[in-house]
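# Secondary and tertiary structure notes
One-letter residues, chain by chain:
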Amino acid sequence: MRAQSELLAPSPDRGLDAEPGQEVIRIRDLFKTYKMGDIEVAALRGINLMIRRGEFIAVTGASGSGKSTFMNILGCLDRPTSGAYFLEGQDVSAFSADEWAHIRNSKIGFVFQGFNLLYRTSAAENVELPMMYNGLPSKERRRRALEVLGLVGLAERSHHLPNQLSGGQQQRVAIARSLVNRPSLILADEPTGNLDTKTSDEIMQLFQNLNEKEGITIVLVTHEPDIAEYAHRQIVFRDGSIISDNAKA
Amino acid sequence: MLIMAFRIALRALARNKLRSFLTMLGIIIGVGAVIAMVAIGEGAKKRVQEQIASLGTNLLVILPGTVTLGGARSGSGGRQSLIAADAKAIMNEIPVVAGASPVVRQAQQVIAGDQNWGTSIQGVAPEFQQIREWQVREGRFINQADVESTAKVALIGATVAYNLFGDNDPMGSVIRIKKIPFRIIGILGAKGQTGNGTDQDDIVMVPYTAMMKLVMGVTYIQQIIVAAVSADTTQEANAQIALLLRQRHRIRAGNDDDFNIRNLSDIAEAASNSATVMALLLGSIASVSLIVGGIGIMNIMLVSVTERTREIGIRMAVGARGRDIMLQFIVEAVVMAASGGVIGILVGIGSSNLIKYLAELPTLIRPEIIAISFLVSGTVGVFFGFYPARKASQLDPIDALRYE
């Protein structure tokens, strides 16, 4: 794996050195149970996991296997019932809602199946969105947005609205948005679910590119084996536990 | 951060201009109504004050009967206790009194040739002219000789002159009051309307002696109007007149007066206060529509929050905190309310000018009212936007992102 390029290197004020191979995520004895009336449902039963910088991981499993719950906790959107989640050395499972918001802003980038772009808002403004919440001045925001749009190959469409872009282009905008604050980690939830085969391949190649050339750590959920093949390591969930965790040869 | 929230809010409101405008309408109407109503009230108050000021602040009016508790107007009723000699005594025996005139009046038909006109006939003394500062446009006022000889002479006001004689000169003509002929010796200068709409020029003045003996057949008078030497001496004149009348009417110590003395500036203040109360009352009623407007904003904001659940989820996923979301929606509500307030102010000013022009009611807009209206509309925005904004900030991002 090559070192991260300038465009996406984490800012120097990060505590941890962003060396490839360093530990980014450590999950220890993670449990998540939901109460539905009188019944308790165990969505995650004791997950233990370590993810290093620069890895490209596919998370697979049937519906109800716990992979979505796992991704929500990884993305600081949900709190585990017990266990620890260390992100860059800090146990974030006990952080406050505001601290989580800060992490989602600066350390984690999301890519969703449904793209989740703001309607009637241009591509550039969509990409700028995360920067609106960390106080960057507008000129700086615009410059940076155009920079990452260039990285995903959409520099000439920065002023287009989502309804003027194809599915694949919208997903690229979403990927650019996820990269704009130089996150430690990209979490992608079925990013090709709404795309045709050809476009899916393009998007997966973009992910691969970002991972290999820029050294971005990617954790991607999918139920399609073809898509999972793009990753270097596959983690399989079943009934709330990890049943296999294999790196490709 | 605030500027950005402001821009996001404008963007969101512009996205559905019609809906935003309809929501603002409640505030626009509320603010517009308040401003117009208060302007009418203030205009009335100012006109009353002007009218009273033109009457002079050194005037006293003496009426028969006792004062009712609370100083409410008692009207010229009660016992008939005042006589013309009282007026003379007041004028002659009290140095701080400049002049006093008895007043007797009655509504009567006045006939001139084949024209007739219903008006108010007032019997007065020569001093009346100076006390009321009433100009004589043509001819002369009533004099002492007229009073002493019970002369059947009259002065007519501008309205009466016009209605009985049109463009012809009334001087020297004869008018009949209760079949008694009176010769016109003068025409009174125009005075216009009083604060409560009475036409002061719809009047005929005759010597009080003629009025009492020939027209009304009474020996008691209805009023004495008195002018003090100056505004400062009015209180002293008031006290001295009371003493004199008690003495003349042989009222024992401890008994109530059989007359009551009204100080015109007290009346002026009472009228001014009641005009203020009217303005406040009208304003309060109009404020109700401001509350309705606020509820409208809250309603639409709740709909807006629900519609934009997914958008809120996206914002939270990329790092918006609860308070960022809350600020965004409160600013939206405030921008709507404040914009409605500004438009409402313009509408209010426009309507009050229109009322002034069409209905010929006086209106007065004070800058404080405009400032208060703007602040109040902004506050309405904060208050009624708070609940929807809080709801938005408390959304769970996972659920919000899943929302269809």
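## Description of the environment of B:Val335
Residues and elements named next belong to chain B. Considering the arrangement of structural elements, one finds Val335 in helix H11 (residues 322–358). Separated by 225 residues in sequence, Val335 and Val110 have C-alpha atoms that sit 65 Å apart. Residues in contact with Val335, not counting those within four places in the same chain, are Phe6, Ala9, Leu10 and Leu13.

## Some points on the interface of chain A and chain B
Every contact between the two is made by 19 residues of chain A and, on the other side, 16 residues of chain B. Put simply, the parts of the chain that give the side of chain A that touches chain B at least two residues each are helix H2 (97–106) and helix H3 (123–132) of chain A. By residue number, the principal contributor to the side of chain A that touches chain B is H2(A), which donates 6 residues. In terms of residue class, the side of chain A that touches chain B is made up of 9 nonpolar, 6 polar and 4 charged.

## With respect to the domain arrangement of chain B
When the domains of chain B are assigned, the result is domain 1 (2–50 + 270–402) and domain 2 (80–257). Placing a centre on the C-alpha atoms of domain 1 of chain B and another on those of domain 2 of chain B gives a separation of 56 Å.

## Things to note about the sheet that holds strand S3 (residues 56–60) of chain A
All names here are of chain A. Strand order in this open sheet of 6 strands is S6-S7-S8-S3-S9-S10, and the pairing throughout is mixed. Edge strands, defined here as strands with exactly one partner in the open sheet, are strand S6 (108–111) and strand S10 (241–247). Across the sheet, the axes of successive neighbouring strands diverge by a mean angle of 15°, strand direction being ignored. Relative to strand S9 (residues 233–238), S3 is paired through 4 bridges, and the arrangement is parallel. Its bridge partner lying in S9, Thr60 is registered against Val236. Against the sheet, helix H5 (residues 167–179) contacts S6 and strand S7 (185–189), and its axis sits at roughly 170° relative to S6.

## Some remarks on the packing of H3(A) against H5(A)
All names here are of chain A. Contact pair H3 / H5: the axes reach a minimum separation of 7 Å and the direction vectors enclose 30°. In terms of axis orientation, H3 runs roughly parallel to H5. H3 and H5 meet at a crossing whose hand is right-handed. Residues Ala123, Asn126, Val127, Leu129 and Pro130 of H3 pack against Val173, Ala176 and Arg177 of H5.

Here is what the cut-offs are and how they apply
- Residue positions are counted from 1 within each chain, in the order its sequence is given.
- Chain A is the first chain written and ligand 1 is the first ligand written, with later ones labelled in order.
- Reporting in this predicted model follows two pLDDT cut-offs: at least 70 for local features of residues, and 80 or more for side-chain atom pairs to be given and counted; totals over whole chains, interfaces and linings ignore these cut-offs and use all residues.
- Counting from the N terminus, the helices are DSSP H or I runs at least four residues long and the strands are E runs at least two residues long.
- By the criterion used throughout, residues are in contact when their C-beta atoms, derived from the backbone, lie within 7 Å.
- Classification convention: Asp, Glu, Lys, Arg as charged; Ala, Val, Leu, Ile, Met, Phe, Trp, Tyr, Cys, Pro as nonpolar; all other residues, Gly among them, as polar.
- Each domain's extent was defined by an automatic or database domain assignment.
- One requirement defines pairing of two strands: DSSP has to find at least two bridges between them.
- Axis lines are fitted to C-alpha atoms, over the contacting stretch for helices. Their N-to-C directions set the angle, which ranges from 0 to 180 degrees.
- For classification purposes, angles smaller than 35 degrees are called roughly parallel, those larger than 145 roughly antiparallel, those between 65 and 115 roughly perpendicular, and all remaining angles oblique.
- The crossing is said to be left-handed when, going from far helix to near helix, the turn is anticlockwise and less than a right angle, and right-handed when the turn is clockwise.

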